Amino acid sequence: MFAIPSFGTICYLIAGGVVAGILASAASFASLASYPLLLSVGVPPVLANVTNDGALIWGSLGSILGSLRELHGYWRQVLYYAFFTVIGSAIGCWLLLAFPSSIFEKVVPFFILIAGSLVLVSGKHQPNPQRQHTVWEQVFYTICLVLVGIYAGYFGAASGIVVLVLLTYLTEEKFIVVNALKNAVGAFTNLAALLIYAFTSHILWWDAIPMAIGMFIGGYLGPIVVRHVSAKLMRWIIAILAVTQALIYFKQSYF
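Procedures and definitions
Residues numbered from 1 in each chain as written. Predicted model: local features only at pLDDT ≥ 70, side-chain atom pairs only at ≥ 80, totals over all residues. Heavy atoms only, no water. Helix = DSSP H or I, 4+ residues; strand = E, 2+ residues; numbered from the N terminus. Rg over C-alpha atoms; globule rule 2.2 N^0.38 Å. Buried < 20%, exposed > 50% of the residue type's maximum accessible area, 1.4 Å probe, protein only. Contact = heavy atoms within 4.5 Å. Areas by Shrake-Rupley, 256 points an atom, 1.4 Å probe, with all protein chains shown as cover. Lys, Arg positive; Asp, Glu negative; His and termini not counted. Charge placed at Lys NZ, Arg CZ, Asp CG, Glu CD. Core = buried A, V, L, I, M, F, W, Y, C linked by side-chain atoms within 4.5 Å. Polar contact = N/O pair within 3.5 Å; in protein donor to acceptor, adjacent residues only side chain to side chain. Expected span 1.5 Å × (residues − 1). Phe/Tyr/Trp six-rings, centres within 6.5 Å; stacked < 30°, edge-to-face > 60°.

Novice: Got a sec to walk through the overall build of the chain? Specific residues and values, please.
Specialist: In terms of regular secondary structure, the chain is built from 11 helices and zero strands. For the chain, the succession of helices and strands along the chain, N to C, is α-α-α-α-α-α-α-α-α-α-α. Taking 255 residues into account, the globule formula puts the C-alpha radius of gyration at 18 Å, and the chain, at 17 Å, falls close to it. Projected onto its principal axes, the C-alpha positions of the chain cover 55 × 35 × 35 Å. Buried positions account for 53% of the 255 residues belonging to the chain. Taking as baseline every contact in the chain between residues at least 6 positions apart, the subset at least 24 positions apart corresponds to 84%. Accessible surface, the chain as shown: approximately 11,900 Å² in total, 73% of it carbon and sulfur. Considering the chain, the positive charge centre built from 11 side chains and the negative charge centre built from 7 side chains are found 8 Å apart.

Okay, structure coming up:
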């Protein structure tokens, strides 16, 4: 049904993948570039989402390698948080395959706007590593991790932002560490979605592989960008990108 991409298209997907990888690891916004990138080469919306997961995992791997300094000593927390997002991701994958694409396209802009607002709100939070969360707070944030995992499996656009916000409150760490944790948790979530889609849907590997190459490079570069940009500026960049993407998807879905 879908032909092998031309050499020019492959180069285009690699270049777009680099941009998407940087956006993913630095600003939690791979989908701002990767999803429209697939649409622009003729991939239908739901197939584009599934194929996107085939490339996202490599961007996540690149970002983990680029964030090893920040992740040192935090792997136990990563595995704990990822456990709940992976459960949610499996549910989200089922929802995507079970419900029509028209529903999928209509709800996305609103999710992205909410996520963009949350990242600005969380910026007012002052990290306090000495603070102990109550049991009810831990239960609430854990449920939220499952819910954001569901959304990540269903679509994923801006899901990284919500994970970033949740980890801001859960870990009480500075932005650069929270961002690295978010990238590592996202890697497990994306891997779960990829494995499910590989056996239950159709991934367009000829499109996914060039994007994966670019995303790996961009994912590695993203943490380097974060180390040299203030947390406040990064949060505003994320919020602006969220509004931009929400408007684009709103126009595509409703006009």
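On we go.
Novice: If you had to explain the nonpolar core to someone new, which residues and values would you point to?
Specialist: Formed by 75 residues in total, the largest nonpolar core has its most connected members in F29, I112, F155, L167 and I238. Here the element with the most residues in this core is helix α9 (residues 175–200); it accounts for 11 residues.

Novice: Kindly report on the side chain of T168, identifying the contributing residues and their values.
Specialist: Among the secondary structure elements, T168 is positioned in helix α8 (residues 159–171). Side-chain polar atoms of T168 contact the backbone oxygen of L164, separated by 2.7 Å. Among all residues touching T168, those that are not within four sequence positions of it are S122, H125, E173, V178 and R235.

Novice: Give a detailed account of helix α10 (residues 205–227), specifying residues and quantitative values.
Specialist: When the terminal C-alpha atoms of α10 are compared, their 33 Å separation across 23 residues agrees well with the 33 Å that a helix rising 1.5 Å per residue should span. Of the positions making up α10, those classed as buried are D207, A208, P210, M211, A212, G214, M215, G218, G219, G222, P223 and V226. The elements touched by buried residues of α10 are α1 (7–27), α2 (34–40), α3 (45–66) and α9.

Novice: Break down the packing of aromatic side chains for me, citing the residues and quoting the values.
Specialist: Scanning the model with the defined rule gives nine aromatic pairs in all. Three or more aromatic residues joined by ring pairs form one cluster here, namely Y80, Y81, F83 and F84.

Nothing here speaks to function; it is geometry throughout.
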